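Below are the chains, spelled out letter by letter.
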Amino acid sequence: METFQSLLRNELARALGAAGLPPAGEVTPATDARFGDYQTNAALILAKQRGENPRQLAQKIIDHLSVDDLAEPPTIAGPGFINFALKPDALAEQAGQLLRDDRLGVARAEKRHRIVIDFGSPNVAKPMHVGHIRSLVLGDALARIATFLGHDVIRDNHIGDWGTQFGMVIYGWKNLLDRAALARDPIAELVRIYKTANELGKSDPAVLDACRNELVKLQAGDEENLSIWNECVALSTREFEAAYDILDIHYDIQRGESFYNDRLPAVVDRLLQSGVAEMSEGAVCVFFRDIPELAERPCIVRKSDGGFNYATTDVATIDYRIRDLGADTVWIETGAPQQLHFRQIFEIARREGYTADFRHITHGSILGEDRKLMKTRSGENVALRDVLDEAVVRARKIVEQKNPDLAEEEKNAIAQTIGIGAVKYADLSQYRMTDYIFSWDRMLSLQGNTAPYLQNAYVRIRSIFRKAGEEFVLPAELVLTEPAEFNLAKRLTQFAEIVPQVLNDFRPNLLANYLFELANAFHAFYEACPVLKADEPARATRLALCELAARTLQQGLDLLGIDVPEKM
RNA sequence: GCGCCCAUAGCUCAGCCGGAUAGAGCAUCGGAUUUCUAAUCCGACGGUCGCAGGUUCGAGUCCUGCUGGGCGCGCCA
């Protein structure tokens, strides 16, 4: 089914053609209720191109428009906008259709892409910390939305499992390991031996040498070191999985850096042979002399000691995703500091002839309430698990306060849904590039643009249906009379317009903002329009609006990776 | 030195391709509950969109310069 926006857009295109005018402008939701529901600036654009009077052109366009079944007669306003006000009947009809559509009106993408999404990507032998939240939550939401739009999405966990840190970890494992501590908290012990080895190495060159030696042995395939390494990867993976379960974020494949090891020599040979790379000061480099910003920033793909680095791995990773996985689109979600690196990697890929759509999707940092990078009092990164645990504990207290009569088990489940949802939503409701200030009080607030506010709108609807004690039956016809009904219905029809927009510039916050406005429209409707006590046909119409609002909230939150409770 | 990102109400933030008198939430103040979850709703107050130029019928949005903050820049990832 089509959205009002696309119906009007098509009609505009037809009218322009009929008027002998070229396609121009766009149809957008009205910026203000006074201007109706939709508007187009087509006349303004054409007037500029042709040096004609915009209002006269607008009239000419209107003369060819036929939107009687959707809207009141279009009007000209301001410098030459054409405004459309939807007819209540058209809105009611559209809402009825949405209820019959299990996609809530969201069209599948015209072209189905195979998209590899790389996000999260934690390091082995290190704890996941609060900084991983953004990449995880943003990447997951984008993956969910792309999947819903019909794309073939492969979620790839590109874990850091082959860094130079393993020299120290293996040295520590052999000389410093406390088995009991490892059994208790594997990652904490791995971090401890890594840090201790690092400290020792600073004061004792012999230790530093020993660490280097362990790394060389690992890279040469030494059996003992490989088995220690394997154990570290397994322990870390178990830890990651626990976090993924809590967050309900899951991957299709996990191809860590080590996966690409045996492909690296061939990558460099190929780059040299094709002339993309060249020798420089003993290293193999790619220069970008024709790109001003990159002219003085070469990318090293093989160090002068013959070793490979992460650039080599990332070139190999691009290869794999396109050749082996068949991707035509690659999205990499990481923090902003890696922008230069991926710019280089993508440029190398283009020079190798790859035409896939590469996107580096970056995000800002999470700051503490002191506006500095979020750290514990002792200056450590805040552990991801601690954040998630505290979110649930805090949510649990609120549930206890507001709804003490629920069963313990139910309270726990609700606290989980609200707490985790709040953490995710706080991140997703904000434009990804801006740094955001982490605040428990704000994200768990019951008012404002928060997950609990949206979840509450859903819960109120579920409560109505529980009270009604009846299955939802779609009425033959919806009849909209009250302004609050009209506003809610209009919001509901816009879900299908918003969802695809998110992928334009990777902005899940557009969807979050929409859902907030929808919840707002629902709450206003809830206050103004009794549902169960209303007479027919208002009662059936209002139940239908409730049903559609519940489904839209649930679907929208699900696309953000957020669950809804039945009670709270 | 060069490059990337950011700067909007007291606070936290929206504002995608340039569009009409720049919007929310929080906070503050004032209202609303015999009613389906008041975990809500309605209203008021609050702005030199960092500064200065430029392009345009029209600039928070695009261009140039500047200021302030964050990050990055040849052998870590």
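Residues numbered from 1 in each chain as written. Chains lettered and ligands numbered in written order. Predicted model: local features only at pLDDT ≥ 70, side-chain atom pairs only at ≥ 80, totals over all residues. Heavy atoms only, no water.

Time to look at the overall build of chain A. The number of helices and strands found in chain A is 20 helices and 13 strands. Referenced to the eigenvectors of the C-alpha coordinate spread, the extents of chain A come out at roughly 85 × 65 × 40 Å. Pairs at least 24 apart in sequence give 72% of the contacts found in chain A among residues at least 6 apart. Within the structure as shown, chain A displays about 26100 Å² of accessible surface, and the carbon and sulfur contribution to it stands at 48%. Side-chain charges in chain A split into 65 positive and 82 negative, and the spacing between the mean points of these groups amounts to 2 Å. (Helix = DSSP H or I, 4+ residues; strand = E, 2+ residues; numbered from the N terminus. Contact = heavy atoms within 4.5 Å. Areas by Shrake-Rupley, 256 points an atom, 1.4 Å probe, with all protein chains shown as cover. Lys, Arg positive; Asp, Glu negative; His and termini not counted. Charge placed at Lys NZ, Arg CZ, Asp CG, Glu CD.)

Caution applies to low-pLDDT regions: their predicted coordinates should not be interpreted in detail. Confidence along chain A averages 93 in pLDDT terms, with 100% of residues attaining 70 or more. The spread of mean pLDDT over the elements of chain A runs between strand S13 (residues 436-437), the lowest at 86, and strand S6 (residues 152-156), the highest at 98. We note a pTM of 0.96 for the whole complex and an ipTM of 0.94 for its interfaces. (pLDDT = per-residue confidence, 0-100.)

Moving on, we get to the pairing of strand S11 (residues 357-363). With five of seven residues buried, S11 is to be regarded as a mostly interior element. Handedness of the strand S10 (residues 329-335)-helix H13 (residues 339-351)-S11 crossover: right-handed. (Buried < 20%, exposed > 50% of the residue type's maximum accessible area, 1.4 Å probe, protein only. Right-handed = clockwise from strand over helix to strand, strands pointing away.)

Turning our eyes to something else, we now look at the side chain of Thr329. Within the secondary structure, Thr329 is located in strand S10. A distance of 2.8 Å separates a polar atom in the side chain of Thr329 from a polar atom in the side chain of Asp328. Contact partners of Thr329, with chain neighbours within four places excluded, come to His113, Arg114, Ile115, Val116, Ala356 and Asp357. (Polar contact = N/O pair within 3.5 Å; in protein donor to acceptor, adjacent residues only side chain to side chain.)

Another aspect to go through is the sheet that holds strand S9 (residues 299-302). Taking strand neighbours across the sheet as the criterion, the three strands line up as S7-S8-S9 in an open arrangement whose pairing is antiparallel. Only two strands of the sheet have a single partner each, and these edge strands are strand S7 (278-280) and S9. Taken pair by pair, the neighbouring strands of this sheet meet at an average axis angle of 50°, ignoring direction. Bridge count for strand S8 (residues 283-286) against S9 is three bridges, and the pairing is antiparallel. Residue pairing for S9: Cys285 is matched across the bridge by Ile300. (Pairing = 2+ DSSP bridges. Axes fitted to C-alpha atoms, helices over the stretch in contact; angles between N-to-C directions.)

Now for the protein's contact with RNA strand B. Around RNA strand B, 71 residues are found, and the nearest of them are Phe81, Arg371, Leu446, Arg460 and Ser463. Each atom of RNA strand B within 4 Å of the protein was assigned to sugar, phosphate or base; sugar and phosphate come to 55%. Here a base nitrogen of RNA strand B sits 3.2 Å away from a polar atom, N or O, in the main chain of Glu281. Cys529 is positioned with one of its backbone polar atoms (N or O) 2.9 Å from a base nitrogen of RNA strand B. Broken down by secondary-structure element, the contributors of at least two residues to the surface near RNA strand B are helix H2 (42-50), strand S4 (81-84), S8, H13, S13, helix H17 (451-468) and helix H19 (508-528). If one sorts the elements of the surface near RNA strand B by residue count, H19 sits on top with eight residues. Taken together, the residues of the surface near RNA strand B sort by class into 28 nonpolar, 25 polar and 18 charged. (Near = heavy atom within 4 Å. Nonpolar A, V, L, I, M, F, W, Y, C, P; charged D, E, K, R; others polar.)

Looking now at the packing of helix H8 (residues 186-203) against helix H9 (residues 205-219). How two helices pack is summed up by the angle between their axes together with the distance between the axes. The contact between H8 and H9 brings their axes to 5 Å, and the two run at 130°. When the axis of H8 is compared with that of H9, the two are oblique. Contacts between H8 and H9 involve Ala197, Leu200, Gly201 and Ser203 from the former and Pro205, Val207, Leu208 and Cys211 from the latter. Partitioning the contact of H8 with H9 into residue classes produces six nonpolar, two polar and no charged. (Parallel < 35°, antiparallel > 145°, perpendicular 65-115°, else oblique.)

The next thing to look at is the domain arrangement of chain A. By the assigned domains, chain A splits into domain 1 (4-86), domain 2 (165-247) and domain 3 (384-559). The distance between the C-alpha centroids of domain 2 and domain 3 comes to 45 Å. At the junction of the two partners, domain 2 supplies four residues and domain 3 supplies six residues. Across the domain 2 to domain 3 interface the summed buried area is about 510 Å²; carbon plus sulfur atoms make up 71%. (Domains from an automatic or database assignment. Buried area = accessible area lost by both parts, 1.4 Å probe.)

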